[in-house]
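Understanding the architecture of this molecule
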There are 2 protein chains.
Amino acid sequence: MINKLVNKIRQTQAPVVVGLDPMMSYIPEHITKKAFAEFGETLEGAAEAVWQYNKGIVDATYDLIPAVKPQIAMYEQFGIPGLAAFQKTVQYCKEKDLVVIGDVKRGDIGSTSAAYAAAHLGKVSVGSQLHTAFDEDFATVNPYLGSDGVKPFIEVCRQENKGIFVLVKTSNPSSGEFQDKVVDGKPLYEWVGKMVDEWSREHIGEEYSYVGAVVGATYPEMGKVLREIMPKSYILVPGYGAQGGSAEGLKPYFNKDGLGAIVNSSRGIICAYKQEQYAEFGEQNYADASRQAVLDMIEDINSIF
Amino acid sequence: MINKLVNKIRQTQAPVVVGLDPMMSYIPEHITKKAFAEFGETLEGAAEAVWQYNKGIVDATYDLIPAVKPQIAMYEQFGIPGLAAFQKTVQYCKEKDLVVIGDVKRGDIGSTSAAYAAAHLGKVSVGSQLHTAFDEDFATVNPYLGSDGVKPFIEVCRQENKGIFVLVKTSNPSSGEFQDKVVDGKPLYEWVGKMVDEWSREHIGEEYSYVGAVVGATYPEMGKVLREIMPKSYILVPGYGAQGGSAEGLKPYFNKDGLGAIVNSSRGIICAYKQEQYAEFGEQNYADASRQAVLDMIEDINSIF
């Protein structure tokens, strides 16, 4: 799957992932109105609105981008109907030949991590049958519990030709509280990065490893160090745009081959129509606004090469 | 909710939580056979078997214990039907007046953490309506992303009278890889513990805070230090029994009032019938074996006071 991701990035010339993190407040009224008319102001109604909203954005952008990253929390809050909308979104994006990165940030130990890996990337046995549950292509994984928590994911990736991105340095303001703590002269995130590097070298696709890392766009100087520590890992970079990361600041996340990083934007794309810059599209044409925002993001990022 | 937990621990004289972490291999054949006859060897069939298995254990033990801890990964692997079985289990346990600790180990940032908090502990707005999704009483939370990730959970707990247990030192063998790294002379888990202590002091129920911590039974010397660092936090202790933690080793996790800790056992209780000690019950009577295992665990733990 890392090979497919790299190839699609080359084809589209767009190291860009669209974060499908729908908030109810983002969804245009014509969509919620229709969904509530059919299902009421229920979890089912919310889930239907989320799905229709996503579908509009995917239909308008899928030919421009290699990948999407649905954030499961935004679906989980709507319970079972919300998670069904997550599943439907994952399936639909795969039908559109997009690489789907499940932003699930799961992490536990042993058989529990194995169950999460089965849920999101693998298969589960029921009697003599094998089934898939959510079946994303990649998942994000939290490393706080150590390699006991990460290795079951890697094992499933190896079997199923999938991949993970391990949280190394996140984009949020308080990410430093624990991640930046200095251990033997180096911040913790570097130690985590070293571990990701070990895992990644043992699990290579063609050019890159299917064990990647998450490093926030908001800390480019740390991105530079981590790029060097983990040369074989793809870096998933959140925090561009709405969270304050700039294109110029993204340079250090890429390797000399122009590859090695994929930059996420969520709100900046899916809620583009609410920004002054794209207001002319109007709420009805929110998906066209998203398309234009993707085109502008690709141009912005490619300007650094 | 922390007050309810403390009161129920006092009433039952049992600082014990039963981990509802069903694996298909644990479930007696008469249950899977019936479920597969009705739903086939499908995700629905697996979910039905899990639910019936749980119901048997809850019916046989609910009067002895204050709380249960369903591990969501074990349900998530069966997709939407599995998560519906999780929800049904949570609801059923609440009807039995048990405190339900959702072992979800979620953690993200800002509005995403807020969405997880809404999913598991709070409410979500849909139009003019408020709905609950999974509605556990407590959730476990991963702190790697710092206070941006934890505070949205605390805020929902404050509003909804719920609680969290923050992962501080986990019970698994590799937990030390990052958690034990020494920062300014102290291991990282102590720094996390100090942060939990700050949060907990600001969010007190009657005697204890509704911001608790997870500290594994497998590291009693670390439990002792963390007990002192976080006097107001309840400690959820996994790793007793099957993972190797002993009753004697649990002493340091408790305060002088005999409170302050609640000890989890999963496999040791729910799969008791497969142990030599309880084999006489037979597979058909797996729930009676679980009841006896709970009685034995309570006696074992109370022997340290």
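Residues numbered from 1 in each chain as written. Chains lettered and ligands numbered in written order. Predicted model: local features only at pLDDT ≥ 70, side-chain atom pairs only at ≥ 80, totals over all residues. Heavy atoms only, no water.

1. Considering helix α6 (residues 110-120) of chain A
Test applied: When accessible area is computed with a 1.4 Å probe and restricted to protein chains, residues below 20% of their type maximum are described as buried, those above 50% as exposed, and intermediate ones as partly exposed. Comment: elements are numbered from the N terminus, with helices defined as DSSP H or I runs of at least four residues and strands as E runs of at least two.
Judged by how many residues are buried, α6 of chain A sits mostly within the fold: eight of 11 residues are covered. Among all positions in α6 of chain A, only Thr 112, Ser 113, Ala 115, Tyr 116, Ala 117, Ala 118, Ala 119 and His 120 of chain A are buried.

2. Side note on the sheet that holds strand β11 (residues 233-237) of chain A
Residue and element names in this part refer to chain A. Put simply, the test is: The rule for pairing is simple: two strands pair if DSSP sees at least two bridges between them. Where helices are involved, their axes are fitted lines through C-alpha atoms of the stretch in contact, as for all axes, and angles between N-to-C directions lie from 0 to 180°.
The strand order around the closed barrel formed by eight strands is β1-β2-β3-β6-β7-β10-β11-β12, and the pairing between neighbours is parallel. Adjacent strand axes in the sheet meet at a mean angle of 30 degrees, parallel and antiparallel pairs treated alike. Sheet topology note: the strand β1 (residues 16-20)/strand β2 (residues 67-70) ladder contains four bridges and is parallel. Pairing of Val 18 across the sheet is with Val 68, part of β2.

3. Remarks on the interface of chain B and chain A
The line we're drawing: Contacts are assigned to residue pairs with any non-hydrogen atoms lying within 4.5 Å of each other. The term buried area refers to how much accessible surface (probe radius 1.4 Å) is lost by two components on association, counted for both of them together. A pair is scored as a salt bridge if a Lys or Arg side-chain nitrogen falls within 4 Å of a carboxyl oxygen belonging to Asp or Glu. Pairs of N or O atoms within 3.5 Å make up the polar contacts considered here, provided that, within protein, one atom can donate a hydrogen while the other can accept it, and that residues adjacent in sequence are counted only when both atoms are side-chain atoms. All amino acids are sorted into three groups, where Ala, Val, Leu, Ile, Met, Phe, Trp, Tyr, Cys and Pro are nonpolar, Asp, Glu, Lys and Arg are charged, and the leftover types, Gly among them, are polar.
Contacts between the two partners involve 71 residues from chain B, matched on the other side by 71 residues from chain A. Interface of chain B and chain A: buried area, both sides summed, is about 5600 Å²; carbon and sulfur atoms make up 64% of it. At the boundary of chain B with chain A, the tally comes to four salt bridges. One salt bridge connects Glu 76 of chain A with Arg 106 of chain B, and the closest N-O pair in it is separated by 3.0 Å. Linking chain B to chain A there are 33 residue pairs in polar contact (both at pLDDT 80 or more). Ranked by residue count, the leading element in the side of chain B that touches chain A is helix α6 (residues 110-120) of chain B, at seven residues. Tallied by class, the residues present in the side of chain B that touches chain A amount to 36 nonpolar, 25 polar and 10 charged.

4. Comments concerning the pairing of strand β7 (residues 163-169) of chain A
Residues and elements named next belong to chain A. Of all seven residues in β7, seven are buried, a share of seventy percent or more. Where strand β6 (residues 138-141) and β7 come together, four bridges link them in parallel fashion. Paired with Val 141 across the two strands is Val 166, which belongs to β7. Relative to strand β10 (residues 209-215), β7 runs parallel, the two being bridged by five bridges. Residue pairing for β10: Leu 167 is matched across the bridge by Val 214.

5. Thoughts on the side chain of Ser 175 of chain A
You can see Ser 175 of chain A is positioned in the loop between β7 and α8 (176-179). The exposure class of Ser 175 of chain A is buried, given its relative accessible area of 0%. Once residues within four sequence positions are removed from consideration, Ser 175 of chain A is found in contact with Lys 169, Thr 170, Asp 180 and Tyr 219 of chain A together with Leu 145 and Asp 148 of chain B.

6. Quick look at the packing of aromatic side chains
Condition: Note on aromatic contacts: the rings of Phe and Tyr and the six-membered ring of Trp form a pair at centre separations within 6.5 Å, being stacked when their planes are under 30 degrees apart, edge-to-face when over 60 apart, and tilted otherwise. Any Lys NZ or Arg CZ that is within 6 Å of a ring centre and within 35 degrees of that ring's normal is treated as a charge sitting over the ring.
For the coordinates displayed, the defined rule picks out 16 aromatic pairs over all chains. Between Phe 86 of chain A and Phe 134 of chain A, the ring centres sit 5.9 Å apart and the planes meet at 65 degrees, which makes this aromatic pair edge-to-face. In this pair, Phe 86 of chain A sits in helix α5 (residues 79-95) while Phe 134 of chain A sits in the loop between β5 (129-132) and β6, placing the two residues 48 residues apart along the sequence. For Phe 86 of chain A, a relative accessible area of 0% translates into the label buried. A centroid spacing of 4.8 Å and a plane angle of 70 degrees characterise the contact between Tyr 208 of chain B and Tyr 234 of chain B, whose relative ring orientation is edge-to-face. Here Tyr 208 of chain B is found in the loop between α9 (188-201) and β10 (209-215), whereas its partner Tyr 234 of chain B is found in strand β11 (residues 233-237), with 26 residues between them in sequence. Of the two residues, Tyr 208 of chain B and Tyr 234 of chain B, both sit in the buried class. Grouping aromatic residues by their ring pairs yields a cluster made of Tyr 53, Tyr 273 and Tyr 286 of chain A. Here the guanidinium or amino end of Lys 169 of chain A rests over the ring plane of Tyr 219 of chain A, the centre of that ring lying 4.2 Å away. We note Lys 181 of chain A situated over the ring of Trp 191 of chain B; from NZ or CZ to the ring centre the distance is 4.2 Å.

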